[in-house]
Amino acid sequence: MSSSLFFDISAGAYIAGMIVYVIYLVTKSKTVGLAATSVTIFGFVCQTIAFLTRWSHSYDFWVASNPTSGLVESLLRAAPLRNLYESLIFFVWSLIVIHLLIEFKYKNRSLGAFVTPVAALALLFIDISGTTKEIQPLMPALQSNWLLFHVLLAFLGYAAFGVSFGAATAYIIMITESRKEKTYIFWSIIIGIFLVVLIAMGMDFLSLSAEERKELIQSHFLKTTFRSDSGGVAAASYVIGIAAIYLIWQFGLGLKKVLGSLAVTPQMLEDIEYKSIAIGFPLFTIGGLIMGAIWANSAWGKYWSWDPKETWSLITWFVYALYIHARFVAGWRGKRVAILAVVGFVAVIFTYLGVNLVLSGLHSYGSG
Amino acid sequence: MEEKEKKDIFESVWSFLASVKLAIGVFIIIAFSSIIGTIVEQQAEPAKNIALLAKFFGDSAAPSVYNVFAKLGFMDMYRSWWFVSFLIIFSINLIVCTIDKFPKTWRLVKNPLRPLPENVLKTLPVKKEIKFKTHINTAKDEFVNILNSSRYKFLESNEENSVQLYSQKGKFARFGFYIVHVSIILILIGAIIGSRFGFGGFLNLPEGQISDMAFAQDGKTIPLGFSILCNWYDTKYYEGTDTPMKFQSELTVIDNGKEVMKKTIEVNTPLKYKGITFFQSSYGMIPNAVGTFILDITPNGGQTTTLQLRPGGSFEIPGTGIRGTVVNFLPALTQDRNTGALVSYADNMVNPGVAIQFSIPGMQPFTGWVLKRYPETGALPGGHLIKFADYHGVEYTGLQVSKDPGVMFIYIGSILMAIGLFVAFFISHKKIWINLAHESQGGKGPVRVTVGGNTSRNRLAFEKEIEHILSKASEAIEGRSKK
Ligand code: HEM
């Protein structure tokens, strides 16, 4: 059975889940809430099947070229965590695991409406970015157990940070009194940029042929809108983008009433925001930074070389270290730390995607 | 008077250096300034960065902007005096904070826990009260059981009319953050030792050659103290593709004229000798090199012999009368789609092929190509086999050569950091006081149980734990009284 069919089903289920969670927010009907959870669990099961199927295919693929490799080694080398596509899929999977755990622990479904969009956006991003979905041969430098655990733990960490981002954005909405508050303006801009960039990428996607889509990220990123060759189109894109952010700012506060009526409390959101960071930070430190350094040392003989990817993960680490010190030692609470949780996740996204997308466009770093 | 002032200044500088305010400031500064180095390409040729700056500042302004940036150290930022200064402030902050705070934590952990008066219990962050109709000793026994089974270490203090059990768990969790901080200091020490006493160099070593030194980035030679020989280099490909699967070379270490070590290295499996590590990092062809063809020849049903031939060399397959002469070689053989001619599509040995002119008794002489990656191309009429094992001596192996005596510190620091993070985030230091007293004088009346506690983290979970202890106790006590 093809793994991509199950991936497609799970992607559809998560997007449906997102919609049903939002309907649940509006209707507050228990049945709808149950449906949202069921759809999400269904998607999760499909994705797990797809993940295992892909693992098994890529195991066959590895064994075909490496007949002498032992069972454990082959399983490790075949783990589907080896390129952008597979790691993003795993990110979504981890995000949903953490989300379901929180839902059962706090017995409150509302956070689903904030976490499933992150999952759906990531899936949408995977699709429209045109990253390759083929099972690819593993390059020599990637044939390392350190690398596998590095990716595995770092992505679990990223997913935990993603949950804290969802909780922090919901928290900011809940405590906002008026649209003029700087925190709320910040919120509108961040959420606005997320959505606008994604929609712009969707337009790139629609305007391209199937062949060109494979190169979307490398050569066509935002070319139909913000980076269009026609100055008029580019200018119009900025105007529309800013208008979209304005609309989000104008109407975003409506979410507050909805959340309030669902027994979501700011305390609960703050608790989730912190706890996810408390889980994500050790995972990211050990998996992302330490194992990454050990792998680099075993492959190239240098554990740290200040390349942009490493530097950005260090920046991310500093933002979360800042969060921890601000909260525990300096006693910051509320808005100020929620902003740090949002900034932290923006740094995560930049570490993972921005370094490849933005910086490699500036000069010729490898696609590493 | 003056003495005191001096002391004040010292103290305020000290507490500034130990403060979390400084830590937060340094976090922000290092995070922000690091971004510069990810945009401006580091240690690159000026032209590259001038072209980059032109995108932001225009062609005419770019060179002068470049000069300003270069003066500020942006072109080799992570080694610039100001960035290194931030790292030093960061380390001082960490060390001073640790020295400053540690004694207090030590006392907190070292000092024995004391019983507290009942009215103080009611002021603790977590508190509960409950009454049982039973004897005080019965109730106490049950609480002792529960504390034991949840692995709390407890002590007991008896007064006339009351008993108190006071207990704690996870004391060492208080050290978690110190372990993290110390691990960061260790890693920084490791980095300093590495940059002072280690080196990083490279060595491009042709197949069959030997070297007793490596080269630094600036071209200076680095003596190794022993010699290293490259026996061969080889790239393995995924079947049917030009995607590399393995870069391999076989190296021999020769120390004092004796062969002491031989190892096939790959990316991710280096060779290490006397503190110096050799990593497989690149490879390539030696310009204009002439090498030796290694052919394995097997007559139908006979023994395999290995031949070494120079270009133009001839051989005979034993007992067959078949003769062959090496007439051509291409590193990446393919057929040109338009002309049909055989050409090389790459400079590297992606698909090496050797052309051999055969003369077989009773047949016209002909030339056949034998490909290294496709052994079936070496099958001759009559079931004889020729295997193209290698064209030796035309490739070099690119080795990254490094010595880093600081790496032990990095590893120890990393392990400590993992432990410290675990302790800091997943273990909490919890204290519980349980006071049992009869309501009225003389051991009469129901037993009043007052529970108070505090925890270093995760209060919600701790509250649940205390509720759980109480409900277990009341279940057990009620169960007993029914008997
Ligand atoms: C990145 C390097 C780090 C630096 C430069 C640093 C620096 C500091 C400084 C200067 C303090 C003292 C503040 C004060 O008590 O007034 C402090 C306290 C603290 N740090 Fe860090 N820290 C670092 C990493 C971490 C990490 C990764 C963690 C999380 C596990 C952490 C957790 C703490 C905690 C909990 C305290 C309070 C300790 C106490 O006062 O008893 N630190 N840090």
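Residues numbered from 1 in each chain as written. Chains lettered and ligands numbered in written order. Predicted model: local features only at pLDDT ≥ 70, side-chain atom pairs only at ≥ 80, totals over all residues. Heavy atoms only, no water.

1. Topic: a nonpolar patch on the surface
Residues and elements named next belong to chain A. There is a patch of nonpolar side chains on the surface, built from Ile15, Ile19, Ile23 and Leu124 and spanning about 310 Å² of accessible area. The greatest single-element share of the nonpolar patch, amounting to three residues, is contributed by helix 1 (residues 3-27). Secondary-structure assignment places isoleucine 23 in helix 1. (Patch = residues over 30% accessible without salt bridge, like charges linked within 9 Å, V, L, I, M, F, W, Y side chains within 5 Å. Areas by Shrake-Rupley, 256 points an atom, 1.4 Å probe, with all protein chains shown as cover. Salt bridge = Lys/Arg side-chain N within 4 Å of Asp/Glu carboxyl O. Helix = DSSP H or I, 4+ residues; strand = E, 2+ residues; numbered from the N terminus.)

2. What to know about the interface of chain B and chain A
Contact residues are listed per partner, giving 49 residues for chain B and 49 residues for chain A. Of the roughly 4,300 Å² buried at the junction of chain B and chain A (both faces included), carbon and sulfur atoms supply 71%. Joining chain B to chain A, the criterion identifies zero salt bridges. Contributions of two or more residues to the side of chain B that touches chain A are made by helix 2 (20-39), helix 3 (46-57), helix 5 (81-110), helix 8 (176-197), strand 7 (244-255), strand 10 (276-285), strand 20 (395-403) and helix 9 (407-426) of chain B. Of the residues forming the side of chain B that touches chain A, the biggest block, 10 residues, is contributed by helix 2 of chain B. (Contact = heavy atoms within 4.5 Å. Buried area = accessible area lost by both parts, 1.4 Å probe.)

3. Description of the environment of alanine 338 of chain A
Residue and element names in this part refer to chain A. Mapped onto the elements of the fold, alanine 338 is located in helix 14 (residues 335-362). In sequence terms alanine 338 and glycine 43 are 295 residues apart; their C-alpha atoms lie 30 Å from each other. What alanine 338 contacts, discounting residues up to four positions off in sequence, is Ala168, Tyr171, Ile172 and Glu273.

4. So, the packing of aromatic side chains
Throughout the structure, instances matching the rule amount to 51 aromatic pairs over all chains. Ring centres of phenylalanine 329 of chain B and tyrosine 391 of chain B lie 4.4 Å apart, and the angle between their planes is 50°; on these two criteria the pair is classed as tilted. Of the two residues, phenylalanine 329 of chain B sits in strand 14 (residues 322-330) while tyrosine 391 of chain B sits in strand 19 (residues 385-392), which places them 62 residues apart along the sequence. Taken as a pair, phenylalanine 329 of chain B and tyrosine 391 of chain B share a single burial class, namely buried. Chaining the aromatic ring pairs together yields one cluster made of Trp304 and Trp306 of chain A together with Phe57, Phe69, Phe74, Tyr78, Trp82, Phe83 and Phe86 of chain B. Sitting above the plane of the tryptophan 332 of chain A ring, arginine 336 of chain A keeps its charged end 4.1 Å from the centroid. Across from the ring centre of tyrosine 152 of chain B, 4.8 Å away, lies the NZ or CZ of lysine 169 of chain B, which sits over that ring. (Phe/Tyr/Trp six-rings, centres within 6.5 Å; stacked < 30°, edge-to-face > 60°. Buried < 20%, exposed > 50% of the residue type's maximum accessible area, 1.4 Å probe, protein only. Lys NZ or Arg CZ within 6 Å of the ring centre and 35° of its normal.)

5. Topic: the coordination of the iron atom of the ligand
Around the iron atom of the ligand, the protein contributes the donor atoms His325 of chain A (NE2) and His181 of chain B (NE2), at 1.9 to 2.0 Å from the metal centre. Seen from the iron atom of the ligand, its six donor atoms lie at angles of 83 to 179°, and the figure they make is octahedral. Separated into two different chains, histidine 325 of chain A in helix 13 (residues 308-328) and histidine 181 of chain B in helix 8 make up a pair that spans both. In this pair, the class of histidine 325 of chain A matches that of histidine 181 of chain B, namely buried. (Donors = N, O, S within 2.8 Å, 3.2 Å for Na, K, Ca; no water. Tetrahedral: all angles 85-135°; square planar, octahedral: opposite > 155°, others 65-115°.)

6. A short note on the environment of serine 249 of chain B
All names here are of chain B. Following the sequence through the fold, serine 249 ends up in strand 7. Serine 249 has contacts with Trp232, Tyr233, Lys263, Thr264, Ile265, Gln280 and Thr397, leaving out every residue within four places of it along the chain. For serine 249, the side chain forms a polar contact with the side chain of threonine 397, separated by 2.9 Å. (Polar contact = N/O pair within 3.5 Å; in protein donor to acceptor, adjacent residues only side chain to side chain.)

7. Digging into the packing of helix 12 (residues 266-300) of chain A against helix 13 of chain A
Residues and elements named next belong to chain A. Relative to each other, helix 12 and helix 13 sit at 140°, their axes nearing to 11 Å. Judged by the inter-axis angle, helix 12 sits oblique to helix 13. Crossing geometry of helix 12 relative to helix 13 is assigned as left-handed. Side by side, helix 12 and helix 13 meet where Glu270, Glu273, Tyr274, Ile277, Phe281, Phe284, Thr285 and Leu289 of the first sit next to Ser313, Leu314, Thr316, Trp317, Tyr320, Ala321, Tyr323, Ile324, Arg327 and Phe328 of the second. Grouping the amino acids of the contact of helix 12 with helix 13 by side-chain chemistry returns 12 nonpolar, three polar and three charged. (Axes fitted to C-alpha atoms, helices over the stretch in contact; angles between N-to-C directions. Parallel < 35°, antiparallel > 145°, perpendicular 65-115°, else oblique. Left-handed = near helix turned anticlockwise from the far one by under 90°. Nonpolar A, V, L, I, M, F, W, Y, C, P; charged D, E, K, R; others polar.)

8. Digging into the site of the ligand
Near the ligand, the surroundings consist of 22 residues, among which His325 of chain A together with Asn93, Cys97, Lys101 and His181 of chain B are the closest. Surrounding the ligand is a set of residues that belongs to chains A and B. Histidine 325 of chain A has a polar side-chain atom sitting 2.6 Å from a nitrogen atom of the ligand. At a separation of 2.6 Å, a nitrogen atom of the ligand approaches a polar side-chain atom of histidine 181 of chain B. At the level of elements, helix 13 of chain A together with helix 2, helix 5, helix 8 and helix 9 of chain B are the ones that each hand at least two residues to the shell around the ligand. Broken down by class, the residue content of the shell around the ligand amounts to 17 nonpolar, four polar and one charged. (Near = heavy atom within 4 Å.)

9. Some details on the domain arrangement of chain B
Interfaces are often sized by the amount of accessible area the parts lose when they come together. Domain annotation for chain B reports domain 1 (2-104), domain 2 (112-170 + 428-482), domain 3 (182-288 + 396-417) and domain 4 (292-390). Using only C-alpha atoms to locate each centre, domain 2 of chain B and domain 4 of chain B end up separated by 88 Å. (Domains from an automatic or database assignment.)

10. Let's talk about the sheet that holds strand 18 (residues 366-371) of chain B
All names here are of chain B. Strand order in the open sheet formed by four strands is 13-14-17-18, and the pairing between neighbours is antiparallel. Strands at the two margins of the open sheet, each flanked by one partner only, are strand 13 (314-317) and strand 18. Across the sheet, the mean angle separating the axes of adjacent strands is 35° when strand polarity is ignored. The pairing of strand 13 with strand 14 spans four bridges and is antiparallel. Counted as the bridge partner of phenylalanine 315 is glycine 324 from strand 14. (Pairing = 2+ DSSP bridges.)

11. A look at the sheet that holds strand 12 (residues 305-309) of chain B
Within a sheet, adjacent strands bond to each other through the backbone by hydrogen bonds, running parallel or antiparallel. Residue and element names in this part refer to chain B. One open sheet accounts for three strands, arranged 12-11-19; its pairing is antiparallel. With partners counted over all chains shown, the strands left at the sheet margins are strand 12 and strand 19, one partner each. Going across the sheet, the axis of each strand differs from the next one's by a mean of 25°, ignoring polarity. In this sheet, strand 19 lies alongside strand 11 (residues 292-298) in antiparallel orientation, the contact comprising seven bridges. Bridge pairing links leucine 295 to phenylalanine 388 in strand 19.

12. So, the pairing of strand 6 (residues 221-237) of chain B
All names here are of chain B. Counting buried positions along strand 6 yields 12 of 17 residues, so the element is predominantly enclosed. Pairing of strand 5 (residues 210-216) with strand 6 involves five bridges; the strand directions are antiparallel. Note that in strand 6 the partner of methionine 213 across the bridge is proline 223. Where strand 5 folds back onto strand 6 in an antiparallel hairpin, the turn is made up of four residues, including glycine 219, whose phi is positive at roughly 90°. Pairing between strand 6 and strand 7: 10 bridges, direction antiparallel. Looking at strand 7, one finds that leucine 229 is bridged to threonine 252. Where strand 6 folds back on strand 7, the antiparallel hairpin that results is connected by six residues, among which glycine 240 adopts a positive phi of roughly 75°.

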